[in-house]
Amino acid sequence: MKTILITGGSGLVGSAIQRKFVPEDGESELVFVKSSEFDLTSLERTREMFVTYKPTHVIHLAACVGGLYKNMNQKVDMLEKNLLMNFNVVKCCHDFGVQKLVACLSTCIFPDKTTYPINEDMLHDGPPHTSNDAYAYAKRMLEIHCQAYRENYGDKFVCVIPTNIYGPNDNFNLEDAHVLPALIHKCYLAKKENKDFIVRGTGTPLRQFIHSEDLAELMMWALENYDGKSLILSVSESAEVSIGYVAKLIAKAFDYEERMFFDESFSDGQYKKTADNTRLTDLLLKNHSTVFDFIKIEEGITETVKWFIENYENARK
Ligand SMILES: NC(=O)c1ccc[n+]([C@@H]2O[C@H](COP(=O)([O-])OP(=O)(O)OC[C@H]3O[C@@H](n4cnc5c(N)ncnc54)[C@H](OP(=O)(O)O)[C@@H]3O)[C@@H](O)[C@H]2O)c1
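Calculation notes
Residues numbered from 1 in each chain as written. Predicted model: local features only at pLDDT ≥ 70, side-chain atom pairs only at ≥ 80, totals over all residues. Heavy atoms only, no water. Phe/Tyr/Trp six-rings, centres within 6.5 Å; stacked < 30°, edge-to-face > 60°. Buried < 20%, exposed > 50% of the residue type's maximum accessible area, 1.4 Å probe, protein only. Helix = DSSP H or I, 4+ residues; strand = E, 2+ residues; numbered from the N terminus. Pairing = 2+ DSSP bridges. Axes fitted to C-alpha atoms, helices over the stretch in contact; angles between N-to-C directions. Contact = heavy atoms within 4.5 Å. Near = heavy atom within 4 Å. Polar contact = N/O pair within 3.5 Å; in protein donor to acceptor, adjacent residues only side chain to side chain. Areas by Shrake-Rupley, 256 points an atom, 1.4 Å probe, with all protein chains shown as cover. Nonpolar A, V, L, I, M, F, W, Y, C, P; charged D, E, K, R; others polar. Expected span 1.5 Å × (residues − 1). Core = buried A, V, L, I, M, F, W, Y, C linked by side-chain atoms within 4.5 Å.

**Some remarks on the packing of aromatic side chains**
Inference 1: In the structure shown here, the tally under the stated rule is twelve aromatic pairs.
Inference 2: Here the aromatic rings of Y149 and F157 are separated by 5.8 Å at their centres, their planes lie at 65°, and the arrangement is edge-to-face. Comparing Y149 with F157 shows no difference in burial state: the two are buried.
Inference 3: Here Y166 and F209 contribute two aromatic rings whose centre-to-centre distance is 6.4 Å and whose plane-to-plane angle is 85°, an arrangement assigned as edge-to-face. Of this pair, Y166 sits in strand β6 (residues 164-166) while F209 sits in strand β9 (residues 209-211), placing them 43 residues apart in sequence.

**Description of the sheet that holds strand β3 (residues 57-60)**
Strand pairing within a sheet occurs via backbone hydrogen bonds; the two strands may be parallel or antiparallel.
Inference 1: In spatial order, the strands read β2-β1-β3-β4-β5-β10; together these six strands make up an open sheet with parallel pairing. On the outer flanks of this sheet lie β2 (28-33) and β10 (231-233), each paired with one strand and no other. Pairs of neighbouring strands in the sheet enclose a mean axial angle of 20°, with direction left out of account.
Inference 2: Strand direction decides the pairing type here: strand β4 (residues 100-104) and strand β5 (residues 157-162), joined by four bridges, are parallel. Counted as the bridge partner of L101 is F157 from β5.
Inference 3: Strands in contact with helix α2 (residues 43-53) are β1 (2-7), β2 and β3; relative to β1, the strand with the most contacts, it is inclined by about 150°.

**Some points on the site of the ligand**
Inference 1: Around the ligand, the structure places 28 residues, and the nearest of them are S10, S35, Y135, K139 and R316.
Inference 2: At 2.8 Å, a backbone N or O of L61 approaches an oxygen atom of the ligand.
Inference 3: Protein contacts shield 87% of the accessible area of the ligand, which totals 900 Å² for the unbound molecule.
Inference 4: Taken together, the residues of the shell around the ligand break down into 14 nonpolar, ten polar and four charged.

**Digging into the environment of S212**
Inference 1: Considering the arrangement of structural elements, one finds S212 in helix α7 (residues 212-225).
Inference 2: Among the residues examined, S212 registers a relative accessible area of 0% and is labelled buried.
Inference 3: Not counting the four nearest positions on each side in its chain, S212 is found in contact with L12, A16, R19, I165, Y166, G167 and P168.

**Thoughts on unusual backbone geometry**
Inference 1: At the junction of Y116 and P117, the peptide bond is cis and its omega measures out at 5° in the coordinates.
Inference 2: By the secondary structure assignment, P117 is in the loop between β4 and α5 (133-153).
Inference 3: The backbone of K54 shows a phi angle near 45°, a positive value even though the residue is not glycine.
Inference 4: Positive phi, close to 55°, is recorded for D255, a residue that is not glycine.
Inference 5: A relative accessible area of 59% places D255 in the exposed class.

**Re α5**
Inference 1: For α5, built from 21 residues, the straight-helix expectation of 30 Å at 1.5 Å per residue is met to within 8% by its first-to-last C-alpha distance of 30 Å.
Inference 2: Residues of α5 that are buried include every one of A134, Y135, A136, A138, K139, R140, L142, E143, H145, C146 and Y149, and no others.
Inference 3: Against the buried residues of α5 lie β3, α3 (68-73), α4 (75-95), β4 and β5.

**Describing the nonpolar core**
Inference 1: V58, C93, L101 and C146 are the most contacted members of the largest nonpolar core, which has 36 residues in total.
Inference 2: Elements represented by at least two residues in this core include exactly β2, α2, α4, β4, α5 and β5.
Inference 3: The next biggest cluster of nonpolar side chains, apart from the first, holds 33 residues, and it includes I6, M219, W221 and L284.

Rendered as structure tokens:
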């Protein structure tokens, strides 16, 4: 019997795994854990979780996550909570003999001054941007920790590195959230209050987004099939889209395009942060002889906006 424990089971990615994967073989079970059940910043509670569920496999998603504002204003939490959670989960995976761990990093933890596209081998090649250094260093230590157990004990602990993620059940808070869910909430309020939908900056910066359900599928694939060094999980470079295009798709989904404007008095941030997913696509081709069919951003945003409108009362915001 395989028991797959998913930390951060109530979050954006955890809930996508929950929607997409219902074990049917009777040979495996999925356990989704949230912070109110086990606070993973406590080693004692983390050990109790492993004693309770006896997982054979772990997908570690739990993290203190947020957009620019949260990364800058809550550095101590971003550092301490993530270091503690990651340390406790990885250590318990080893101590309790977990057969496979897939842990989650992020492309935003790469060096600030680098060349593009970034690839997996460049993760530790320089300091991250100062705005998110606390989060980034905590995540980088997760990679080092997994690698140390792989090298010293042969543990199958791997890390995956997603680009920006979006989808239903995201955090839509206007202060804390990532750019795409924050824009959805902003457009929702603008329409409700009959105001203009103002997008900060010129809209030209390019980003790569992956739908949470695509990521869910790739994480489950990695759990079964991937045993190597860290792996970038992303749609291809050619699917890079501008923030302006994302905002237009959001406005269109709300039928509010005429009221959308850019406020160019705000700075744009980095123009692009292209990540190279060649290692992933080569592996997928080798495994499946087929190209992974990513959810198109146009379709994903329409569906996420619909979800937000229908679930406004209970959405995280
Ligand atoms: N969102 C993105 O754009 C993005 C991009 C790249 C990488 N990532 C990474 O992807 C993973 C999943 O992110 P997400 O967007 O799904 O995050 P999320 O929606 O913010 O969910 C975070 C999860 O972590 C749990 N958690 C937080 N503090 C905890 C604690 N002290 N003890 C136990 N659980 C705790 C939360 O549980 P409760 O809800 O019960 O508190 C929640 O289930 C994270 O590792 C993140 O760093 C995210």
